[in-house]
Amino acid sequence: MIFGFLPLLHFFLSSFGPQPVATPPPSPKRELRAVWIATVDNIDWPRRGDHNPASQQRHFREILDQHRASGLNAVFVQVRDAADAYYARGTEPWSQWLTGRQGRAPEPFYDPLDFMIDESHARGLEFHAWLNLNRATFKNATSIAPDHVSRQRPDWMLTYDGMKLFNMGLPAVRDYITGVVVNLVRNYDVDGIHFDDYFYPYRVPGQTLRDGPTFRQYGQGFASIDDWRRNNVDLLIKQISDSIRAVKPHVKFGISPFGIWKNRSDRDPDGSETQGNSSYYQLYADTRRWALEGWIDYIAPQVYFNQGHRRVPYQPLVSWWLANCGTRHLYIGQGAYRLGGDDEGWEPSELPEQLRFNRRFNRVGGVIFFSSKSLTNNYGGFQDSLRADLYRLPALVPTMPWKDSIPPRAPRRLSAIPGGQAVELLWQAPEPAPDGETARYYAVYRFEAGQPEELENVTHLLKILRPDETTFTDERVRPGQRYVYVVTAFDRLHNESVPTARVEVGVE
């Protein structure tokens, strides 16, 4: 049952929000710019049939370099497709899409997750580990390792449409899935844990989910099996949320559900102005509750619909989520893959217009694109649009003050040395902040002498630098001009320090 204050919160947000920005900025300073990198069935990485570690690593670096050049600041990489793994320090077998056979380790050996995290962080990209929650085996799976959980614990499985799915009505199953997450968080330097839209399965005509015996065993007190299933998912999400916070409080936890929670057309007054399947009724996932209760740090609904869609138009659905995400971050899952086909209403201008609509609202904290190859293959020229226009200027990841609100200390002893057609800046790392954190990266700002020194205006943000980089050479200066420079430091959760003491320098 939703706590008593939540209906009041929903009424307040629905009545007084979402409020558009009076003049939307051409490029906000804070904006998540992320992409899903799908590994299942080799959608994005590794290439189908490529089981060579050196080639896999080279390809992943190329993907990251492309996305960094397009202005992105985070990647969401699928590391668990079907109770399998793209990492070594876990209990589930290696994925067949990594090595060609489930359970076979990379040869020569490497740990893909360690590698991917290091490469992402080296480029200033957040790394979120994306896990599938409900799937144990795929339909007509041909490679299942002897130690796979579906073989070891067949009593935990439900068979549906030829797949093996976890029976989430079993407390032992919820403990197992939580344990997989906790193990990953404990052993890897991930920035976030991420689940997609798969909870209970999407309905297939002629198929029945046979969890009635489990309902009879554990469903006392529930009016229907539907309510019981929703509670099972709630229990799992809350358990995972609490466990992540207990192990590493800085790790973010978010979910990307199907775009529709409920439809108002189904006589649900709290639903959106849409007509389609809903996560609440079809997938037994009360996704809005998780955001309102604060169990997750962000919600990223998959709004893979165009603005002219007859049953699920883009803008009304985004507006509904703006009023229904509580105090948690709202990111929009963008259907960039739609630009690669002949889908009606998906002209090249569609996705840029969607992003411009999002920027009208401060509460839209950014987007995640599905999927990586849609950008790297430049579907509809969209990657060109990012680089030339929408993401031409940099953006920083939004802060999460409920996780960390203490900024780092400012860098020390900034100095500027003019020389010819350049200015060299030097500074020292700051002392640790009160919470013990040091700088994770720096930002260098430049203003012409006499200009307002507005750090929120990203046109003045020259460069974002790694923590080991405490020098920067500004080569874009004009003779006869005087400049003012400041540098700030950021911690892991992107809190920004006050600036250094300003330095002013003239260029001859």
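This text follows the structure it describes.
Because the structure is predicted, anything quoted here is derived from the model rather than measured.

**Some points on the overall build of the chain**
Argument step 1. Check the secondary structure of the chain and you find 14 helices and 19 strands.
Argument step 2. Taking 2.2 N^0.38 as the reference for a compact globule, 508 residues should give roughly 23 Å; the C-alpha atoms of the chain span a radius of gyration of 24 Å, in line with that estimate.
Argument step 3. With the C-alpha coordinates aligned to their principal axes, the bounding extent of the chain is approximately 80 × 60 × 50 Å.
Argument step 4. Split into buried and exposed, the 508 residues of the chain put 56% on the buried side.
Argument step 5. For the chain, the proportion of contacts with a sequence separation of at least 24, taken over those separated by at least 6, is 71%.

**Looking at the sheet that holds strand β17 (residues 471-474)**
Whenever strands of a sheet pair, they do so through backbone hydrogen bonds, lying parallel or antiparallel.
Argument step 1. Taking strand neighbours across the sheet as the criterion, the 3 strands line up as β13-β14-β17 in an open arrangement whose pairing is antiparallel. Edge positions in the sheet fall to β13 (412-419) and β17, since each of these pairs with one other strand and no more. When strand polarity is set aside, the average angle formed by the axes of neighbouring strands in this sheet is 15°.
Argument step 2. In the sheet, strand β14 (residues 422-428) pairs with β17 via 4 bridges, with the strands oriented antiparallel.

**Some points on the side chain of Thr39**
Argument step 1. Its place among the elements puts Thr39 in the loop between β1 (32-37) and α2 (53-69).
Argument step 2. Separated by 2.9 Å, the side chains of Thr39 and Asp81 make a polar contact.
Argument step 3. For Thr39, the residues in contact, after removing those within four places along its chain, are Trp45, Gln78, Asp81, Tyr86 and Trp97.

**Side note on the sheet that holds strand β18 (residues 482-490)**
Argument step 1. Read from one edge to the other, the open sheet built from 4 strands follows the order β16-β15-β18-β19, with strand pairing classed as antiparallel. With partners counted over all chains shown, the strands left at the sheet margins are β16 (461-465) and β19 (503-506), one partner each. Adjacent strand axes in the sheet meet at a mean angle of 25° when their direction is disregarded.
Argument step 2. Pairing of strand β15 (residues 441-448) with β16, which is carried by 4 bridges, proceeds in the antiparallel orientation. Pairing of Val444 across the sheet is with Lys463, part of β16.

**Structural notes on the nonpolar core**
One broad rule of soluble globular proteins: the nonpolar side chains tend to lie buried together.
Argument step 1. Core analysis: the largest hydrophobic core is formed by 100 residues, its most contacted members being Leu184, Ile193, Ile237 and Phe369.
Argument step 2. If one sorts the elements of this core by residue count, helix α6 (residues 171-187) sits on top with 7 residues.
Argument step 3. Setting aside chain neighbours within four positions, we find Phe369 in contact with Ala34, Val35, Trp36, Gln334, Ala336, Leu351, Leu355, Leu375, Phe382, Leu386 and Tyr391.
Argument step 4. With 18 residues, the next largest nonpolar core counts Leu462, Val477, Val487 and Val507 among its residues.

**Overview of the layout of surface pockets**
Argument step 1. The computed volume of the largest pocket comes to approximately 1,100 Å³.
Argument step 2. Around the largest pocket sit 40 residues that line it, and Arg68, Pro394, Lys463, Ile464 and Leu465 are the ones nearest its centre.
Argument step 3. Counting only elements with at least two residues in the lining of the largest pocket, the list comes to α2, α4 (112-122), β15 and β16.
Argument step 4. With 5 residues, the single largest contributor to the lining of the largest pocket is β16.
Argument step 5. Among the residues forming the lining of the largest pocket, the class breakdown is 17 nonpolar, 8 polar and 15 charged.

Thresholds, definitions, all that
Residues numbered from 1 in each chain as written. Predicted model: local features only at pLDDT ≥ 70, side-chain atom pairs only at ≥ 80, totals over all residues. Heavy atoms only, no water. Helix = DSSP H or I, 4+ residues; strand = E, 2+ residues; numbered from the N terminus. Rg over C-alpha atoms; globule rule 2.2 N^0.38 Å. Buried < 20%, exposed > 50% of the residue type's maximum accessible area, 1.4 Å probe, protein only. Contact = heavy atoms within 4.5 Å. Pairing = 2+ DSSP bridges. Axes fitted to C-alpha atoms, helices over the stretch in contact; angles between N-to-C directions. Polar contact = N/O pair within 3.5 Å; in protein donor to acceptor, adjacent residues only side chain to side chain. Core = buried A, V, L, I, M, F, W, Y, C linked by side-chain atoms within 4.5 Å. 1 Å grid on protein atoms, 1.4 Å probe; cavity = no way out; pocket = protein on both sides within 12 Å on 5 of 7 lines; lining within 4 Å. Points joined across faces, edges and corners; volume = space filled by probe spheres on them. Nonpolar A, V, L, I, M, F, W, Y, C, P; charged D, E, K, R; others polar.

Read these as spatial facts, not as claims about activity.
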